[in-house]
Amino acid sequence: MSFAAIIFDFDGVIADSEVRANRSLSESLTAIGMPATYEDCLRDYYGHNWQETARRIEARFGRPLPAVRTAEQYSTTVAAG
């Protein structure tokens, strides 16, 4: 198999990952006692990097998130229970 080109879509132009990411975030936050709907997450966190999103979450709930370094680790940690 050969390829003429490989396209890397890091900014969501071809595939919008924000919808899936915000669904996962709402489920993860709710699972750790920080209830947030999908609509809440879209409104409050859409388009922000993980550092800003984490800052906003902590400000909203008045407590820190579990100690993880990235959004991927956060989702994995919460999913693992």
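One structure accompanies this document, and this report is about it. (Residues numbered from 1 in each chain as written. Predicted model: local features only at pLDDT ≥ 70, side-chain atom pairs only at ≥ 80, totals over all residues. Heavy atoms only, no water.)

Describing the pattern of salt bridges
A full pass over the atoms with the stated rule returns six salt bridges. Asp 40 is the salt-bridge partner of Arg 60, the closest N and O atoms lying 3.5 Å from each other. Highlighted residues: Arg 60 in helix α3 (residues 50-61) and Asp 40 in helix α2 (residues 38-45), separated in sequence by 20 residues. The class of Arg 60 is partly exposed, set by a relative accessible area of 36%. Overall, the relative accessible area of 14% leaves Asp 40 in the buried class. Salt bridges linked by common partners bring Asp 40, Arg 43, Asp 44 and Arg 60 together as one network. (Salt bridge = Lys/Arg side-chain N within 4 Å of Asp/Glu carboxyl O. Helix = DSSP H or I, 4+ residues; strand = E, 2+ residues; numbered from the N terminus. Buried < 20%, exposed > 50% of the residue type's maximum accessible area, 1.4 Å probe, protein only.)

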